[in-house]
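A closer look at the structure
The residues making up each chain are set out below.
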Amino acid sequence: MVLNLDSSFKPLLLQEIEFEAFTFSGGEPHVKLNTNSIEGETAWVTHRITTFNDLGLLFVACDALRRAGIQSLNLFLPYFPGARQDRVMVSGEPLTAKVYADLINQLHFKQVVIFDPHSEVVPALLNNCVVLNNYEFINWVYEQIPASTLLVALTVVAKKDLRLSAFLNKYSVVECRKHRNTETGKIDGFTAFTEDLNRQPCLIVDDICDGGATFIGIAKTLKEKNAGDLYLAVSHGIFSKGLNELQAHFKNIFTTNSFPQKENSFVSTFNLAMTN
């Protein structure tokens, strides 16, 4: 059985638990389960968390499930909130990834499945964590673009990147480095390790696109190296500043439904799914 708290995100082919969710006038999230749709002692919960109210709905839903007789719970949470805040860069900031992980650990899930987290920090903080990598997603992307497309890989700096680089060796790779200001934490430049891309198409791969400034900077650097058509594949597409400026630099963007995506000829969406 599965409780899909976001009705537009249903990655598991299991019998659904029926429910109603609403917010009280005071702002508190609430849920009412149809207990007639609950069978057995084990269930999955799927959700997208982008606000603290989303997190609150998860908490009240898990309490309701356990009160209805569910003894073992699993969670599929494709985008882990606060994953980018996995270190304290400036004095006075919180370690946000740990805040969310500590809260979710209190729910005592048998498994917490997450998709392509920002770094190794979240899986280390999260109890019973199972990580889905982005390999299937990237293979799907390559089915949509020219086979000759070079894959732009960021400089290896972590175990996650080492594993991805090993996988990406099946494709022709050009390495690119982001330069980060250690005092502010902001990216202030890019280097592509190639002399001339000879008009070859290029695919940039990363985990998150928020406003898109990083990828616009990389795109400009690649064009300076004589790149052809540019494509972007990001596991989690937030696109907080819209798509207009990105569209000026990329032929297509590929992402997943870890965030809700509007139908758009410029953005292609890979639907995440997993088997129980």
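Residues numbered from 1 in each chain as written. Predicted model: local features only at pLDDT ≥ 70, side-chain atom pairs only at ≥ 80, totals over all residues. Heavy atoms only, no water.

1. Description of the overall build of the chain
Operational definition: In this text, helices come from DSSP runs of H or I with a minimum length of four residues, and strands from runs of E with a minimum of two, each type numbered from the N-terminal end. We compute the radius of gyration from the C-alpha atoms alone; for a globule the expected value is 2.2 Å times N to the 0.38, where N is the number of residues. With a 1.4 Å probe rolled over the protein chains alone, any residue whose accessible area is under 20% of its type maximum counts as buried; one over 50% counts as exposed, and the rest are partly exposed. Any two residues whose heavy atoms approach within 4.5 Å at even a single point are treated as in contact. Here the positive residues are Lys and Arg and the negative ones are Asp and Glu; neither His nor the chain ends is included. Charged side chains are reduced to one point each, which is NZ for Lys, CZ for Arg, CG for Asp and CD for Glu.
Summing up its helical and strand segments, the chain has seven helices and 14 strands in all. Here the chain has a C-alpha radius of gyration of 20 Å; the compact-globule value for 276 residues is 19 Å, and the two agree. The buried share of the chain, taken over its 276 residues, is 47%. Summarising the internal contacts of the chain: among those between residues at least 6 apart in sequence, 59% fall at separations of at least 24. Treating the 24 positive side-chain charges of the chain as one cloud and the 29 negative ones as another, the clouds have centres 3 Å apart.

2. Looking at helix H1 (residues 52–67)
Threshold: The length a helix should cover is 1.5 Å for every residue beyond the first. Here a polar contact is recorded for every N or O atom pair within 3.5 Å, except that within protein the pair must consist of a potential hydrogen donor and a potential acceptor, and residues adjacent in sequence are included only if both atoms are side-chain atoms.
Taking 1.5 Å as the rise per residue, H1 with 16 residues should run 22 Å; its terminal C-alpha atoms sit 23 Å apart, in good agreement. Within H1, the full set of buried residues consists of Asp54, Leu55, Leu57, Leu58, Ala61, Cys62, Ala64 and Leu65. Elements in contact with the buried residues of H1: strand E1 (2–4), strand E2 (19–23), strand E3 (29–33), strand E4 (42–46), strand E5 (72–76) and helix H2 (96–105). The N-cap residue of H1 is Thr51: its side-chain oxygen and the backbone nitrogen of Asn53 are 3.3 Å apart. Directly after H1, the chain includes Gly69, whose backbone phi takes a positive value near 110°.

3. A closer look at the sheet that holds strand E9 (residues 173–180)
This is how it is decided: When DSSP finds two or more bridges between two strands, those strands count as paired. Only the stretch in contact is used when fitting a helix axis, every axis being a line fitted to C-alpha atoms; angles between N-to-C directions are given from 0 to 180 degrees.
One open sheet holds the seven strands; their spatial order is E10-E9-E8-E11-E12-E13-E14, and the pairing between them is mixed. The sheet is open, and its two edges are formed by strand E10 (187–192) and strand E14 (267–270), each paired on a single side. Within the sheet, the average angular offset between the axes of one strand and its neighbour, ignoring direction, is 25°. Where strand E11 (residues 202–209) meets strand E12 (residues 230–237), seven bridges bridge the pair, whose relative direction is parallel. Bridge pairing in E12 links Cys202 to Leu230. With respect to the sheet, helix H4 (residues 135–142) is in contact with strand E8 (150–154), E11, E12, strand E13 (252–256) and E14, its orientation differing from that of E13 by roughly 150°.

4. Considerations on the packing of aromatic side chains
Worth spelling out the cut-off: Classification of ring pairs uses Phe, Tyr and Trp, with its six-membered ring standing for Trp, and accepts pairs whose centres are within 6.5 Å; under 30 degrees between planes counts as stacked, over 60 as edge-to-face, and the remaining range as tilted.
All told, the structure shown has ten aromatic pairs when counted by the stated rule. Plain terms: the ring middles of Phe22 and Phe24 are 5.3 Å apart, the flat faces sit at 85° to each other, and that makes the pair edge-to-face. Taking the relative accessible area as the measure of exposure, Phe24 reaches 39% and is therefore partly exposed. Consider the rings of Phe137 and Phe270, whose centres lie 5.8 Å apart with planes at 45°: the pair is tilted. Of this pair, Phe137 sits in helix H4 while Phe270 sits in strand E14, and the two are 133 residues apart along the sequence. The buried category is assigned to Phe270, whose relative accessible area is 14%. Connected via pairs of aromatic rings, a cluster forms that spans Phe137, Trp140, Tyr231, Phe254 and Phe270.

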